[in-house]
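# Understanding the architecture of this molecule
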Amino acid sequence: MKSPICAMLAIEFPLLAFSHCRDVVVAVSKAGGMGVFGAASLPPERLEEELAWIDAHIGGRPYGVDLIVPNSFAGKGEARAALPPIPEAHKAFVAGLLEQHEVESDGLAGVSSSLGDNMSDAGAAALLEVAFRHPIKLIANALGVPPPLMLELGKRHNVPVAALVGTRDHALTQVRAGVDILVVAGGEAGGHCGEVATMVLVPEVAAAVAAVGANTPILAAGGIVTGRQMAAAMAMGAHGAWTGSVWLTTAEAETNPVVKEKMLAASSRDTVRSKSRTGKPSRQLRSPWTDAWEAEGAPKPLPMPLQSLVSEPALRKVDKLAEGGHEGAKALATYWVGQGVGLMNEAMGASQVVQEFKADWIAACERLNGFIGE
């Protein structure tokens, strides 16, 4: 395909798949797209293990790595021990919510995440060091302008640097910073997202980038789970698509089976955009857990990364119990997913999803061509 994304990344079809599952990354890259491994929550030693496995199974196909290094967050530049303590009100709120659903709240303090550490300059540097020891063909930053080290290493290793943006102004800031690929994510997206819809944001950014004389390629993101949506985005100025949610219900995905079933049954209205999971707005599957944080009297979510230290231990426990059949945990179980979940009605393998994208994209282009008179 004649897309600058294909030329830049040496792929056949400009479909990028963000996933925390190494199997999905491998399957998509082998099918002609590009898998991008989400590494934000992994310590460096685990990232080394995962990337070594990908290298051994991907057959030399290109793949990328995605990190979260925001420009600002609570305790930036400080060690985990120096972060403010979690307020007792938040601990009590979580304990009460769990107990309402007959989930014991004890033992949560011992569960931790590497996310907060990885967002620090030192933590991000450690992950970047690991990533660039492997033959990655893309490095992406999910929040804000990539740190200088990421941009420097990208240039040194000839690896394109991508960044997610949710507004026109953010996109222009990224262009000025020297980012190689813009991932233009509309509010329909799962995970961290802005408020502007993909249908508006993609052409707005495309026009703004062209107006400043830049030729930075654009990947459209946000609610895209079919080839026809990808074709529509490319008609509006994108050069390909960045997708995440659609891979959550694939056979290879690491998603909790209970949550997979919820997603396959969900409509586009069964998601909510909230700060309650990470401290920054992110879209996730609606459940009694998300409803409780939006209810009157609920504590205000803490800034990133403190809110994750409140929510993730509890939700990990919920996931584990849900898989074992605990009814209260099954009700609470949730995960990040975009509004495109309403179109995700059939479980299939990741490679099959890529083929479905290709066929649907071609059919959409032919349908558009059919409107042109002779």
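Below you will find a few notes about this structure.

Each value, and the rule that gives it
- Residues numbered from 1 in each chain as written.
- Predicted model: local features only at pLDDT ≥ 70, side-chain atom pairs only at ≥ 80, totals over all residues.
- Heavy atoms only, no water.
- Helix = DSSP H or I, 4+ residues; strand = E, 2+ residues; numbered from the N terminus.
- Buried < 20%, exposed > 50% of the residue type's maximum accessible area, 1.4 Å probe, protein only.
- Phe/Tyr/Trp six-rings, centres within 6.5 Å; stacked < 30°, edge-to-face > 60°.
- Lys NZ or Arg CZ within 6 Å of the ring centre and 35° of its normal.
- Pairing = 2+ DSSP bridges.
- Right-handed = clockwise from strand over helix to strand, strands pointing away.
- Axes fitted to C-alpha atoms, helices over the stretch in contact; angles between N-to-C directions.
- Parallel < 35°, antiparallel > 145°, perpendicular 65-115°, else oblique.
- Left-handed = near helix turned anticlockwise from the far one by under 90°.
- Contact = heavy atoms within 4.5 Å.

This brings us to the environment of Lys 320. Relative to the elements of secondary structure, Lys 320 occurs in helix α13 (residues 306-323). With a relative accessible area of 69%, Lys 320 lands in the exposed category.

Moving on, we get to the packing of aromatic side chains. Under the counting rule described, the total for this entry stands at five aromatic pairs. When the ring of Phe 13 is compared with that of Trp 361, the centres are 6.1 Å apart and the planes differ by 85 degrees; the resulting orientation is edge-to-face. Of this pair, Phe 13 sits in the loop between α1 (4-9) and β1 (15-19) while Trp 361 sits in helix α15 (residues 350-369), and the two are 348 residues apart along the sequence. Taken as a pair, Phe 13 and Trp 361 share a single burial class, namely buried. Measuring from ring centre to ring centre gives 6.4 Å for Phe 18 and Trp 242, while their planes differ by 20 degrees; the resulting arrangement is stacked. Linking Phe 18 in strand β1 with Trp 242 in strand β9 (residues 241-243), this pair joins segments that are 224 residues apart in sequence. By the ring-pair criterion, three or more aromatic residues cluster together here, those being Phe 93, Trp 289 and Trp 293. The ring of Trp 336 has Arg 277 lying over it, and the distance from NZ or CZ to the ring centre is 4.2 Å.

The element β1 is largely enclosed, with a buried count of four among its five residues. Inspection of the sheet shows β1 paired to β9 by three bridges, in the parallel sense. Residue pairing in the sheet places Leu 16 in a bridge with Trp 242 of β9. Bridge count between β1 and strand β2 (residues 34-38): four bridges; the pairing is parallel. By the bridge assignment for β2, Leu 16 is matched with Met 34. Chirality of the crossover, the property in question, places the unit of β1, helix α2 (residues 22-30) and β2 among those that are right-handed.

Turning to the pairing of strand β4 (residues 138-141), a few remarks are in order. What you see with β4 is no split at all: Leu 138 and Ala 140 on one side and Ile 139 and Asn 141 on the other are buried throughout. Note that strand β3 (residues 63-67) and β4 share four bridges and pair parallel. Paired with Val 65 across the two strands is Ile 139, which belongs to β4. As paired elements, β4 and strand β5 (residues 161-165) share three bridges and run parallel to each other. Across the sheet, the residue bridging to Ile 139 is Val 161, located in β5. Chirality of the crossover, the property in question, places the unit of β4, helix α7 (residues 148-156) and β5 among those that are right-handed.

Let us look at the packing of helix α10 (residues 227-235) against α15. Packing of α10 against α15 brings their axes to within 7 Å, and their N-to-C directions diverge by 50 degrees. In terms of axis orientation, α10 runs oblique to α15. Along this stretch, α10 crosses α15, giving a crossing that reads as right-handed. Here Gly 227, Arg 228, Met 230, Ala 231 and Met 234 of α10 come into contact with α15, specifically with Phe 357, Asp 360, Trp 361, Ala 364, Cys 365 and Arg 367.

We now examine the sheet that holds strand β11 (residues 282-285). Backbone-to-backbone hydrogen bonds join strands into a sheet, with any given pair of strands oriented parallel or antiparallel. Spatially, the three strands line up as an open sheet ordered β7-β11-β10, and their pairing is antiparallel. With partners counted over all chains shown, the strands left at the sheet margins are β7 (191-192) and β10 (271-274), one partner each. Inspection of the sheet shows β7 paired to β11 by two bridges, in the antiparallel sense. Each bridged residue has a counterpart across the sheet, and for Gly 191 the counterpart in β11 is Arg 283.

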